[in-house]
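# Close look at the chain arrangement
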Amino acid sequence: MAETMAVDYVIIGGGLSGCALASRLKRSLPDSSILVLEAGPDPAPEHDVVTLLGGFALQGSALDWQFQTAATPSTEGRTHTLTAGKTLGGGSVLNYGGWSRGDEPDYENWAAKLGGDNRWNYAGLLPYFKRSERYYDLSASPKYHGFEGPMKVTPVKASHSNRKYPLRDPLERAWTELGIEKNLDPFTGRLTGLSDYYENWEDGKRRPSHIAYPLDGVTVKTSCPVSQIVFENVDGKPKAKGIKLENGQEVTAKKEIILSAGTLQSPRLLLRSGVGDPSVLSEYHIPLVQSLPSVGHQYFDHFALFQWFKLKDPSRGLALGHLNLSDPVFVAGMPVDWAANEGLPGDILERALDEDGVTGPEREALLQPGRVFVETLVLYHPLAPGFPNDGSIICTSVMLTLPSSRGRVSLPHDIDSANPHIEPNYFTTALDRVCLIYGVRRLLRLMLGTEAMKDYVESEAPPPGQIPLTLESSDSEIEKRIRAIGVAHFHAAGSCPMGSVVDGNLRVKGVQGLRICDASIFPSPVGGHPMASLYGVVEQAADIIAAEA
């Protein structure tokens with residue numbers, strides 16, 4: 001790269017959001033010059049980014065930021081390692097491809113936080129959800145599904161005729177015993193129920209953002225970390241005029257800078273550049289550009305408990321690792337059939353909201369019938385070291401879909417370090433506590449207390465140092481386990497939310513020429529896994545930016 005250069009649009013971050021946004025902007029504005037700056041390397045050809053087993057191997061690799069959190073009192077003082085993509089394609093290279101939208105009320109809450117901006121409610125986002133997807137079933141309703149987008153969306157059962165996992169039918173019967181109803185289409189704004197697990201794999205290969213969204217005509221620079229955003233004063237207001245790379249080189253943006261560095265990096269870059277809480281900036285002797293105290297303060301993630309269960313007769317070939325499941329189609333995506341999304345009894349919710357002091361519209365929204373608070377998956381592989389990979393162990397995940405605990409992302413002690421200071425504050429509210437305990441208890445009933453599963457599952461297989469959880473385990477025992485080993489699903493969001501840091505056009509408040517487009521702008525959690533929601537956000541962002549060009 002030359003010592004100085006000028007382009008129309010500078011996109012900081014070549015991850016899921018940055019690549020998709022660059023692609024769509026180039027299509028809408030073909031004469032514009034667009035530069036994507038990615039801190040990490042191009043994964044090709046050294047790294048396998050398209051297969052399931054290759055994806056597992058990438059966690060902890062050179063393509064993973066491996067952010068370390070501060071010690072977290074609510075999880076027994078543990079320090080959490082957070083996987084985040086440090087590569088072209090970002091999280092879409094490292095994630096496992098689950099594809100789901102949130103509930104309609106999840107997005108209604110977004111619009112409410114913007115004073116009723118209906119571009120960001122479910123109906124406003126639906127055209128953009130559809131634009132990103134190429135739904136497998138052409139006979140499905142076009143009201144809810146797209147058929148011409150870059151992301152092939154398929155349920156596991158329809159991905160390959162030979163991809164039939166042996167525990168699919170017993171698990172369906174077990175969930176039926178627990179009273180959960182089938183949800184034949186979870187993309188209609190209603191997640192609750194038992195639905196097939198959908199993924200954006202195609203022919204056994206993942207579809208990272210930089211591959212699915214063509215970058216023809218876009219200038220992409222990898223291994224180019226940005227150190228800060230440079231501002232100038234225009235008519236008494238700050239305007240983002242360019243960026244400075246860590247090597248000292250500068251790039252001028254003739255039109256706009258879009259920050260797409262991700263939930264854990266975007267707030268750090270804002271603060272390092274003088275946008276944030278004045279008291280924090282003063283502490284670090286960073287000149288104030290714009291006061292925005294909310295930068296970094298509403299970070300959340302889908303906190304979860306993973307568990308492992310021992311099968312009664314592994315010789316039957318029920319899980320990966322057994323020779324009966326050696327066909328490559330069984331690893332042509334995640335080894336899972338069902339996603340169970342459930343709410344909680346109203347009396348349990350009421351007591352938790354009372355304890356947390358939640359009132360007004362926020363309380364009313366959470367008490368709406370049909371809200372989903374936990375998602376449960378049963379996976380036919382241990383997915384963790386320390387357990388035998390011989391077909392004798394399966395893994396489960398019980399995940400909070402609407403976590404109410406909020407953390408903080410701020411500057412590290414060394415303000416020029418690329419590793420932010422992260423205080424996750426997981427599992428610190430009564431709502432999160434009762435929801436996750438309830439979900440784990442439902443899972444224990446599923447695995448250990450149903451007729452359908454009694455011939456398949458022997459017991460929980462706890463990690464070292466833990467006692468097995470059973471049907472008789474108390475709430476306090478379940479809570480203790482959660483605090484001891486609970487982890488995030490690496491769905492970080494909310495650190496630069498719409499409403500307080502950016503407006504409905506994704507412009508950083510009080511600043512000209514600067515927007516944010518990544519999961520940091522989510523003003524509140526959405527159910528399911530966030531990838532489909534994020535692509536929808538990016539699709540709409542591209543339209544908004546192009547319309548103002």
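Owing to the predicted nature of the structure, the values given are computational and were not obtained by experimental measurement. (Residues numbered from 1 in each chain as written. Predicted model: local features only at pLDDT ≥ 70, side-chain atom pairs only at ≥ 80, totals over all residues. Heavy atoms only, no water.)

### Overview of the overall build of the chain
Counting secondary structure elements, the chain contains 14 helices and 23 strands. Expected size for 549 residues packed as a compact globule is a radius of gyration near 24 Å; at 23 Å, the chain falls within 12% of this value. With 549 residues in all, the chain has 59% of them scored as buried. By sequence separation, contacts in the chain at least 24 residues apart represent 72% of the contacts at least 6 residues apart. Carbon and sulfur atoms form 50% of the exposed surface of the chain, whose accessible area is close to 20400 Å². Looking at the chain, you have 51 positive and 65 negative side-chain charges, and the mean spots of the two groups are 2 Å apart. (Helix = DSSP H or I, 4+ residues; strand = E, 2+ residues; numbered from the N terminus. Rg over C-alpha atoms; globule rule 2.2 N^0.38 Å. Buried < 20%, exposed > 50% of the residue type's maximum accessible area, 1.4 Å probe, protein only. Contact = heavy atoms within 4.5 Å. Areas by Shrake-Rupley, 256 points an atom, 1.4 Å probe, with all protein chains shown as cover. Lys, Arg positive; Asp, Glu negative; His and termini not counted. Charge placed at Lys NZ, Arg CZ, Asp CG, Glu CD.)

### Focus on the layout of surface pockets
In this structure, the second largest pocket occupies an estimated 600 Å³ of space. Residue lining of the second largest pocket: 26 residues in total, with N109, K113, E362, R406 and S524 positioned closest to the centre. If you list the elements that add at least two residues to the lining of the second largest pocket, you get α4 (104–113), α10 (346–356) and α11 (360–366). Take the lining of the second largest pocket: its biggest share by element is four residues, from α11. Looking at the lining of the second largest pocket residue by residue, the class counts come to 13 nonpolar, eight polar and five charged. (1 Å grid on protein atoms, 1.4 Å probe; cavity = no way out; pocket = protein on both sides within 12 Å on 5 of 7 lines; lining within 4 Å. Points joined across faces, edges and corners; volume = space filled by probe spheres on them. Nonpolar A, V, L, I, M, F, W, Y, C, P; charged D, E, K, R; others polar.)

### Thoughts on the sheet that holds strand β6 (residues 151–155)
The strand order across the open sheet built from three strands is β5-β6-β8, with neighbouring strands paired in mixed fashion. Whereas interior strands pair on both sides, the edge strands pair on one side only; in this sheet they are β5 (133–135) and β8 (198–199). Pairing geometry for β5 and β6, over three bridges, is parallel. Looking across to β6, one finds that R134 is bridged to K152. Relative to the sheet, helix α5 (residues 122–132) contacts β5 and β6, its axis offset from that of β5 by approximately 70 degrees. (Pairing = 2+ DSSP bridges. Axes fitted to C-alpha atoms, helices over the stretch in contact; angles between N-to-C directions.)

What is shown is where atoms sit, not what they do.
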